[in-house]
Amino acid sequence: MTDFSGHCIEDLSVGMKSTFAKVISDADITAFAGVSGDTNPVHLNDVYASKTMFGGRIADGMLSASLISAVIGTQLPGPGAIYMSQSLRFRAPVKPGDEVSAHVVISALDEKRRRVTLTCTAHVGNTLVIDGEAMVMVPSKEARPA
């Protein structure tokens, strides 16, 4: 990535929104298990997962939630945004092959403290799979690195 021109606090307004979508592959699930250390068989083992209430393997919820982080870190507010907090509610499972669309909408701004509150959701088709809220710190124009 060569574009480091994320939004500054002065450029943001309530209602701005952005989206990122990705198909969650078997390779993504395996790689996430390796990176996170979460080797729960409901994510990795077909036989085990087939006997659960899901009837098959599901992606780790935090893998799907990481797409919200992708929106925040690359688009809105973008490069320079620093996570302060994130709340998440996992509403439905994501299965291998599902396309997850992560959405963030600015719901509040605190320009003095350079804080942005974002409503965060993720969907598979019309199904809500995650909802929550994030707070990030965003640089001001005067504090942006050269």
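Nothing here was measured: the structure is a model prediction, and the numbers come from that model.

Draft legend 1. Structural context of the overall build of the protein chain. If you tally the helices and strands in the protein chain, you get four helices and five strands. Helices and strands appear in the protein chain in the N-to-C order β-α-α-α-α-β-β-β-β. Across its three principal directions, the C-alpha atoms of the protein chain cover 55 × 30 × 20 Å. Evaluated residue by residue, the protein chain yields a buried proportion of 36% over its 146 residues. For the protein chain, long-range pairs separated by at least 24 residues make up 66% of all intrachain contacts whose partners lie at least 6 apart in sequence. For the protein chain, the exposed surface amounts to about 7900 Å²; the carbon and sulfur share of it is 55%.

Draft legend 2. Structural detail: the side chain of H43. Tracing the backbone shows H43 in helix α2 (residues 41-44). Under the relative-accessibility criterion, H43 is labelled buried at 7%. Residue contacts for H43: discarding those within four places in its chain leaves I29, D38, R57, I58, A59 and D60.

Draft legend 3. Quick peek at the sheet that holds strand β1 (residues 17-23). An order of β1-β3-β4-β5-β2 is seen for the five strands of this open sheet, with the pairing classed as antiparallel. Sheet topology places β1 and β2 (82-90) at the edges, where each strand pairs with a single neighbour. Adjacent strand axes in the sheet meet at a mean angle of 20 degrees, parallel and antiparallel pairs treated alike. Sheet analysis places β2 next to strand β5 (residues 127-137), joined by eight bridges and oriented antiparallel. Across the sheet, the residue bridging to Y83 is V136, located in β5. Of the strands in this sheet, β1, β2, β3 (99-110), β4 (115-124) and β5 touch helix α4 (residues 61-74), which is tilted by about 140 degrees from β2.

Draft legend 4. Focus on helix α1 (residues 26-36). Burial in α1 covers these residues: D28, I29 and A33. Down the axis of α1, the buried set is contained in an arc of 135 degrees. They therefore lie on one face. Structural note: α1 exposes A27, G34 and V35 on the side pointing more than 90 degrees away from its buried face. Tucked inside the fold, the buried residues of α1 contact β1, α2 and α4.

Parameters at a glance
- Residues numbered from 1 in each chain as written.
- Predicted model: local features only at pLDDT ≥ 70, side-chain atom pairs only at ≥ 80, totals over all residues.
- Heavy atoms only, no water.
- Helix = DSSP H or I, 4+ residues; strand = E, 2+ residues; numbered from the N terminus.
- Buried < 20%, exposed > 50% of the residue type's maximum accessible area, 1.4 Å probe, protein only.
- Contact = heavy atoms within 4.5 Å.
- Areas by Shrake-Rupley, 256 points an atom, 1.4 Å probe, with all protein chains shown as cover.
- Pairing = 2+ DSSP bridges.
- Axes fitted to C-alpha atoms, helices over the stretch in contact; angles between N-to-C directions.
- Arc of directions from axis to C-beta.

The values reported here are purely geometric and, on their own, carry no functional implication.
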